Amino acid sequence: MKKICSTALACIAATGLSFAQTTAAEVEMADALHQNGKIYVVVAVVVIIFVGLVWYLINIDRRLRRIEKK
């Protein structure tokens, strides 16, 4: 479980670093999505995907623990 947490933290850190390098075009796109109210849909989809991946990894970890105990 610790390995999964450290991997998740590394992915989040890498993502944060990549967002630090935005251009003017990307900001304009975000402003347009925010004005139309579609930014909330984008955020919701990203959160759903992230939660799904975390749930999947936790389930795999549980299955592996059961197999290792046998």
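This structure is a prediction, so every number in the text was calculated from the model and none was measured.

Examining the overall build of the protein
Check the secondary structure of the protein and you find 3 helices and 0 strands. N-terminal to C-terminal, the α/β element order of the protein is α-α-α. Counting across all 70 residues of the protein, residues that qualify as buried make up 4%. Summed over its atoms, the accessible surface of the protein is roughly 6,400 Å², and 69% of this surface lies on carbon and sulfur atoms.

Quick notes on the pattern of salt bridges
Scanning the model with the defined rule gives 1 salt bridge in all. Asp61 is the salt-bridge partner of Arg65, the closest N and O atoms lying 3.1 Å from each other. Taken together, the positions of Arg65 and Asp61, both in helix α3 (residues 39–69) and 4 residues apart, correspond to about one turn of that helix. A relative accessible area of 40% means that Arg65 is categorised as partly exposed.

Things to note about a positive patch on the surface
Where like charges cluster on the molecular surface, the positive patch consists of Arg62, Arg63, Arg66, Lys69 and Lys70. Tracing the sequence through the fold places Lys69 in helix α3.

Details of a nonpolar patch on the surface
Together, Ile12, Val43, Val47, Phe50, Val51 and Val54 line one region of the surface with nonpolar side chains, adding up to about 490 Å² of accessible area. Top element by residues in the nonpolar patch is α3. It accounts for 5 residues. With respect to the helices and strands, Val47 occurs in helix α3. Given the relative accessible area of 45%, Val47 is considered partly exposed.

Details of the environment of Ile39
In this structure, Ile39 sits in helix α3. Put simply, Ile39 and Met29 are 10 residues apart on the chain and 9.9 Å apart in space, counted from C-alpha to C-alpha. In this structure Ile39 touches Leu33 and His34, once residues within four positions along its chain are discounted.

Digging into the confidence of the model for the protein
Per-chain confidence: the protein averages 80 in pLDDT, with 69% of residues scoring 70 or above. For the protein, per-element mean pLDDT is lowest for helix α1 (residues 2–19), which scores 66, and highest for α3, which scores 95.

The rules behind the values
- Residues numbered from 1 in each chain as written.
- Predicted model: local features only at pLDDT ≥ 70, side-chain atom pairs only at ≥ 80, totals over all residues.
- Heavy atoms only, no water.
- Helix = DSSP H or I, 4+ residues; strand = E, 2+ residues; numbered from the N terminus.
- Buried < 20%, exposed > 50% of the residue type's maximum accessible area, 1.4 Å probe, protein only.
- Areas by Shrake-Rupley, 256 points an atom, 1.4 Å probe, with all protein chains shown as cover.
- Salt bridge = Lys/Arg side-chain N within 4 Å of Asp/Glu carboxyl O.
- Patch = residues over 30% accessible without salt bridge, like charges linked within 9 Å, V, L, I, M, F, W, Y side chains within 5 Å.
- Lys, Arg positive; Asp, Glu negative; His and termini not counted.
- Charge placed at Lys NZ, Arg CZ, Asp CG, Glu CD.
- Contact = heavy atoms within 4.5 Å.
- pLDDT = per-residue confidence, 0-100.

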